[in-house]
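In case you want the letters, here they are:
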Amino acid sequence: MSGDKETPDQSEAVAVHCYAVCRPGIALPEGPGVAGATVELLADGPVAVLVSSLPDGIAPADRETLVAHARVVQQAFEAGVVVPLRFPTVAPSPADVVTQLLRPRRAELLQALDRLEDREEARLRVTYDQDAAVAEVLVANPRLATLRGRPEAALPLGEAIVTTLRERAARDADAALAALRGIIDEAEIDAAGGERDVLAASVLVPRGGTDRVKEAAQSWAATRPAVRVRVTGPLPAYSFARINGHP
Amino acid sequence: MSMMPTRSAAGMLYDVVDVILDKGLVIDAFVRVSLVGIEVLTVDARVVVAGVDTYLHFAEAANRLDLRAASGSLTVGDLVGGLVGGGAGALSEGKTPEIIDGGVQRIREGRQ
């Protein structure tokens, strides 16, 4: 009743969508965030979080929301170091961001920021061109080639090809990562995919290192006609955002 | 410079949608709202075909291939040389874009 102090919990009790942890000096991303809201910086000492108001506490479940989130994180990453938060992270209020994240986790957040400083993530996808890979399997296994065109042998033939491709993919995945040794700081490997998938992984590299990953991966693949590589980046280090070793 | 981030972020989305959805720091204190529609974006990209259908698919692929280019020289190296040289067009051409765009296409289909 004194009226001396405002109570932030009541005056700002609107939920906020949280994008990424960053340092307070970062340039704010241009353009709207999730649900068209203005992106703001909530700072407490040496750590900050990029947020935008989300009055209902829930965003439309569509592509637009995901793109808006990704765009903000990407732009922030291009302006400085960020620790991306899991999508979607929604805090009950700006005050909660400070009292439940920035303040109690300050040391860990600073550590995470330091670890990702001057780093970027690249996505690496290695796949087989199906026909080229199958042709190589058949040429290398003439006995299998003799099963071609025999309807009763279709299942054993297909199974043998798939088995061979999977064995090959495991070796090629190791070889692809080995080819990047010395270029990457860390790698996070996705779970195994389909028959044509050799490797899907995120790699952590120094800023500007995505180009080196591209070059190294492409020159490795150049000696393997059935192999296709695709490197995407630079990205914010989504896959390496951890505190105390946990995502 | 000012236009690039927006364009690149949107353009990259299809490549990195799994990362954006699956990775990032989890703050226990804050609710992670489950957005039903978002799952549609990714589910098709994660489908792994397995079993009999897969075997038949690869058997069919094997049947369809023209291995004559390799018939006179049964080493992988020779076949490889032919592919690199662009001689075996059926094996080397036209497939790359499909493979590369496959994931993107599935995601696009998934959200329509």
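Structure: see above.
Within each chain, residue numbers correspond to sequence positions counted from 1 in written order. Here every chain gets a letter starting at A, and every ligand a number starting at 1, in the order they are written. Given that the model is predicted, a residue must reach a pLDDT of at least 70 before its local features are reported, and side-chain atom pairs must reach 80 or more before they are shown or counted; all residues, however, enter totals for whole chains, interfaces and linings. By convention in this description, side-chain values take in all heavy atoms of the structure and omit both hydrogens and water.

Participant: How would you sum up the overall build of chain A? Please name residues and give values.
Facilitator: What chain A contains, in helices and strands, is eight helices and eight strands. Its C-alpha atoms give chain A principal-axis dimensions of about 90 × 40 × 30 Å. A fraction of 74% describes how many contacts in chain A between residues 6 or more apart in sequence connect residues 24 or more apart. Only the protein chains shown count as cover for residues, and the accessible areas themselves come from Shrake-Rupley with a 1.4 Å probe. When the accessible area of chain A is evaluated, it comes to approximately 10700 Å², of which 50% is carbon and sulfur surface. Of the side chains in chain A, 27 bear a positive and 34 a negative charge, and the two mean positions are spaced by 8 Å. We count a stretch as a helix when DSSP gives it H or I for four or more residues in a row; a strand needs E for two or more, and each element gets its number in order from the N terminus. The contact criterion used throughout is that any non-hydrogen atoms of two residues lie within 4.5 Å. In this tally, Asp and Glu contribute negative charge and Lys and Arg positive charge; neither His nor the terminal groups of the chain are included. Where a charge lies is defined by one atom per residue type, namely NZ (Lys), CZ (Arg), CG (Asp) and CD (Glu).

Participant: So what's going on with helix H4 (residues 106–116) of chain A? Which residues, and what values?
Facilitator: Residues and elements named next belong to chain A. Those residues of H4 lying buried are Glu 108, Leu 109, Ala 112, Leu 113 and Leu 116. Down the axis of H4, the smallest arc covering the buried residues is 140°, so these residues share one side. H4 presents Ala 107 and Gln 111 as exposed residues on the side facing more than 90 degrees away from its buried surface. Asp 118 sits one or two positions beyond H4 and adopts a positive phi of about 60°. Relative accessibility thresholds used throughout: buried, under 20% of the residue-type maximum; exposed, over 50%; partly exposed, between the two (1.4 Å probe, protein chains only). Arc definition: it is the arc formed by the directions from the helix axis to the C-beta atoms.

Participant: Would you mind going over a nonpolar patch on the surface in detail, with residue names and values included?
Facilitator: Without a salt bridge and with relative accessible area above 30%, a residue can belong to a patch; like charges are then joined within 9 Å and nonpolar side chains (Val, Leu, Ile, Met, Phe, Trp, Tyr) within 5 Å. Think of a salt bridge as a Lys or Arg side-chain nitrogen and an Asp or Glu carboxyl oxygen that are within 4 Å of each other. Nonpolar side chains collect at one region of the surface, where Leu 155 of chain A together with Val 52 and Leu 56 of chain B lie side by side and expose about 230 Å² of accessible area between them. Taking relative accessible area as the criterion, Leu 56 of chain B reaches 39% and is therefore assigned partly exposed.

Participant: Which residues make up the sheet that holds strand E7 (residues 197–206) of chain A, and what are the values?
Facilitator: Residue and element names in this part refer to chain A. The antiparallel open sheet is built from four strands, whose spatial order is E6-E7-E5-E8. Across the chains shown, the open sheet's two edge strands, defined by having one partner strand only, are strand E6 (186–189) and strand E8 (227–235). Averaged over all pairs of adjacent strands, the angle between their axes in this sheet comes to 20°, without regard to strand direction. Here, strands pair whenever DSSP counts at least two bridges between them. Bridge count for strand E5 (residues 119–128) against E7 is nine bridges, and the pairing is antiparallel. In the sheet register, Arg 119 faces E7, and the bridge partner there is Pro 206. For helices, the fitted axis covers only the stretch in contact; all axes are lines through C-alpha atoms, and the angles between them, taken along N-to-C directions, range from 0 to 180 degrees. Strands E5, E6, E7 and E8 of the sheet are contacted by helix H7 (residues 154–179), whose axis makes an angle of about 10° with E7.

Participant: Summarise the pairing of strand E3 (residues 47–53) of chain A; cite the residues concerned and give the values.
Facilitator: Residue and element names in this part refer to chain A. Among the seven residues in E3, six count as buried, and that is most of the element. Alignment of strand E1 (residues 16–22) against E3, held across six bridges, turns out to be antiparallel. What sits directly across from Val 16, in E3, is Ser 53. In this structure, strand E2 (residues 39–44) lies alongside E3, joined through six bridges in antiparallel fashion. Among the inter-strand pairings, Ala 43 is bridged to a residue of E3, identified as Ala 48. Where E2 folds back on E3, the antiparallel hairpin that results is connected by two residues, among which Gly 45 adopts a positive phi of roughly 65°.

Participant: Describe the nonpolar core, and please don't skip the residues or the numbers.
Facilitator: Buried Ala, Val, Leu, Ile, Met, Phe, Trp, Tyr and Cys residues that are joined via side-chain atoms within 4.5 Å together make up what is termed a nonpolar core. Counting 46 residues, the largest nonpolar core has Val 126, Tyr 128, Leu 138, Leu 157, Ile 161, Leu 199 and Val 213 of chain A as its most contacted members. Of all the elements in the fold, those that place two or more residues in this core are E5, helix H5 (130–140), H7, E7, helix H8 (210–221) and E8 of chain A together with helix H3 (52–64) of chain B. Val 213 of chain A has contacts with Leu 180, Ile 183, Ile 184, Val 203, Val 205 and Val 231 of chain A, leaving out every residue within four places of it along the chain.

Participant: Which residues make up the pairing of E1 of chain A, and what values do they have?
Facilitator: The two faces of the sheet receive side chains in turn, since in a regular strand these alternate between them. Residues and elements named next belong to chain A. With respect to burial, E1 is a largely interior element, seven of its seven residues being buried. One ladder, built from six bridges, connects E1 with strand E4 (residues 82–91); its direction is antiparallel. The partner of Val 21 across the bridge, within E4, is Val 83.

Participant: So what's going on with the side chain of His 69 of chain A? Residues and values would help.
Facilitator: Among the structural elements, His 69 of chain A can be located in helix H2 (residues 63–79). Among all residues touching His 69 of chain A, those that are not within four sequence positions of it are His 17, Cys 18, Tyr 19, Val 34, Leu 85 and Phe 87 of chain A together with Ile 20 of chain B.

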